[in-house]
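# Report on the structure
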Amino acid sequence: MPVYSMTGYASAQLGSPQGHSATESVAATPSRRLGLEVRSVNSRFLDLSLRLPDELRALEPVLRTLVTQKIKRGKVEVRAWLEQTDTAALPDVNPRLLQRLGSLQDAVQSWMPQARALSVAEVLRFSTGPSAAPEDWSGPITTLAQQALAALLQARAQEGARLATMLHERVGQLRALALQAVPLVPRLVEQQRQRFMERWKEAMGLAEGSATPEAAQDRALSEATAFAIRIDVAEEVTRLQSHLDEIERLLQQGGDIGKRLDFLIQELHREANTFGSKSAALELTRISVDMKVLIEQMREQVQNIE
């Protein structure tokens, strides 16, 4: 399965040229047409909101079902609208009804001053008399929603592929940094052992024979051993490599992997912190800082993956 970003947009409108970035299609009647758009951004969970005209409000459960079947995470907004395509089909306004509406509005506002005035759409609806039977938009809106969601998933998959590529690059860079750290530890231990030997020779006055060279050497070796244990990062490197393996496996698997990737990024950050706390030389400190920078970049990218 592809890796999906949580960011995307698609709309539905008639006459869209093929290959356009925002795939569009339309359902239309002789006088009106139906349009729909879907947009999404990142979110910890699926946060779905729908903006529908009154005539389509009853179709909200259908749209919710279609969206939840396709999208698992993200803040998703679905907006549908109805447009009048034939202005000649608009009914004539009855002046007597307009006068009656004005009188009723004045009467209501005299008792309830806070009541808002009627909108043009409301005036037209009330003044044109009884309307025809409501149109059934359930079939067209289902078709439009399926088309828009397919386009949205395609856009999210394209962005997800870009994010996956960036994550693979960061994984490779982290592996290279870990490999740089491994050979540094034995060299640092040997350098520290030499420093212990020099200090012990000076402090114990070997030139005057106050201590045997063997005792000084044993003590220096003990200190060097303790130092080696303290700065050994082999365990952290092993765990870090294991987490990187799992990240690459998830990217290869695709699908709903964002939350698991986020957990692994937290584990990587923990290993990098431990690595930094064991740094006994400038080289290891630099490697630790570089690791944290890369991990923070990965965290920003992972937060946008479904």
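Parameters at a glance
Residues numbered from 1 in each chain as written. Predicted model: local features only at pLDDT ≥ 70, side-chain atom pairs only at ≥ 80, totals over all residues. Heavy atoms only, no water. Helix = DSSP H or I, 4+ residues; strand = E, 2+ residues; numbered from the N terminus. Buried < 20%, exposed > 50% of the residue type's maximum accessible area, 1.4 Å probe, protein only. Contact = heavy atoms within 4.5 Å. Arc of directions from axis to C-beta. Axes fitted to C-alpha atoms, helices over the stretch in contact; angles between N-to-C directions. Parallel < 35°, antiparallel > 145°, perpendicular 65-115°, else oblique. Left-handed = near helix turned anticlockwise from the far one by under 90°. Expected span 1.5 Å × (residues − 1). Patch = residues over 30% accessible without salt bridge, like charges linked within 9 Å, V, L, I, M, F, W, Y side chains within 5 Å. Areas by Shrake-Rupley, 256 points an atom, 1.4 Å probe, with all protein chains shown as cover. Salt bridge = Lys/Arg side-chain N within 4 Å of Asp/Glu carboxyl O. Core = buried A, V, L, I, M, F, W, Y, C linked by side-chain atoms within 4.5 Å. Polar contact = N/O pair within 3.5 Å; in protein donor to acceptor, adjacent residues only side chain to side chain.

Our focus in this paragraph is the overall build of the chain. Tallying secondary structure elements over the chain gives nine helices and five strands in all. Ordered by position from N to C terminus, the α and β elements of the chain give β-β-β-β-α-β-α-α-α-α-α-α-α-α. Residues counted as buried form 36% of the 306 residues belonging to the chain. Relative to all contacts within the chain whose residues are 6 or more apart in sequence, the contacts with residues 24 or more apart total 79%.

Another point: helix H1 (residues 60-70). Listed as buried for H1 are Glu60, Leu63, Leu66 and Val67. The buried residues of H1 occupy an angular sector of 130° when projected down its axis, which confines them to one face. Exposed and oriented more than 90 degrees from the buried face of H1 are Pro61 and Gln69.

Axis angle and axis distance: for two packed helices, these are the angle between their axes and the distance between the axes, and together they describe the pair. Their axes nearest at 10 Å, the elements helix H7 (residues 234-253) and helix H8 (residues 258-277) cross at an angle of 160°. Classified by the angle between their axes, H7 and H8 sit roughly antiparallel to one another. Crossing angle aside, the handedness with which H7 passes H8 is left-handed. Residue-level inspection shows Glu236, Val237, Arg239, Leu240, His243, Leu244, Glu246, Ile247, Leu250, Leu251 and Gln253 of H7 in contact with H8, the latter providing Arg260, Leu261, Leu264, Ile265, Glu267, Leu268, Glu271, Thr274 and Phe275.

Within an α-helix, residues lying three or four positions from one another point in the same direction, as the helix has 3.6 residues per turn. Between its first and last C-alpha, H7 extends 29 Å over 20 residues, near the 28 Å set by a 1.5 Å rise per residue. Structurally, H7 contributes buried residues whose contacts are with helix H4 (138-181), H8 and helix H9 (282-302).

Examined against the element boundaries, Leu244 turns out to sit in helix H7. The spatial distance from the C-alpha of Leu244 to the C-alpha of His168 is 9.4 Å, given a sequence separation of 76 residues. Apart from the residues within four sequence positions on either side, Leu244 is in contact with Val171, Leu174, Arg175 and Leu268.

Counting through the fold element by element, Gln146 comes out in helix H4. Separated by 134 residues in sequence, Gln146 and Ala12 place their C-alpha atoms 10.0 Å apart.

Next up on the list: a nonpolar patch on the surface. The grouping of Val108, Trp111 and Met112 at the surface amounts to a nonpolar patch, some 380 Å² of accessible area in total. By the element assignment, Trp111 lies in helix H2 (residues 95-111).

For the rest of this paragraph, the subject is the environment of Ile265. Of note, Ile265 is situated in helix H8. Between the alpha carbons of Ile265 and Ile295 there is a distance of 6.8 Å; along the sequence they are 30 residues apart. Those residues in contact with Ile265, other than ones at most four positions away along the chain, are Ile247, Ile295, Met298, Arg299 and Val302.

The next point concerns the nonpolar core. Residues Leu174, Ile247, Leu251, Leu261, Leu268, Met291 and Met298 are the most contacted members of the largest nonpolar core, which totals 31 residues. Of all the secondary-structure elements, those providing two or more residues to this core are H4, H7, H8 and H9. Sort the elements by how many residues they give to this core and H4 lands first, with eight residues. When near neighbours in sequence (up to four residues on either side) are disregarded, Met291 contacts Leu174, Leu177, Ala178, Leu240 and Ala272. Counting 28 residues, the second largest nonpolar core, distinct from the first, contains Leu36, Leu144, Ala145 and Leu152.

Take the pattern of salt bridges next. Scanning the entire structure with this criterion turns up 15 salt bridges. Among the ionic pairs, Arg156 bridges to Glu306, the shortest N-O distance being 2.7 Å. Within this pair, whereas Arg156 is found in helix H4, its partner Glu306 is found in the segment after H9, the two being separated by 150 residues in sequence. Neither residue differs from the other here; Arg156 and Glu306 are each classed as buried. Glu169 is the partner of Arg170 in a salt bridge, and the nearest nitrogen-oxygen pair spans 3.6 Å. Because the salt bridges share partners, they merge into one network encompassing Glu37, Arg39 and Arg79.

Judged by relative accessible area, Glu306 falls into the buried class, the value being 4%. Polar side-chain contacts of Glu306 include one of 3.0 Å to the backbone nitrogen of Lys72. In terms of polar contacts, Glu306 uses its side chain to reach the backbone amide nitrogen of Arg73, at 3.5 Å. Residues within four places of Glu306 in sequence aside, it is in contact with Tyr4, Ser5, Met6, Ile71, Lys72, Arg73, Arg156, Gly255, Asp256, Ile257 and Gly258.

Read these as spatial facts, not as claims about activity.
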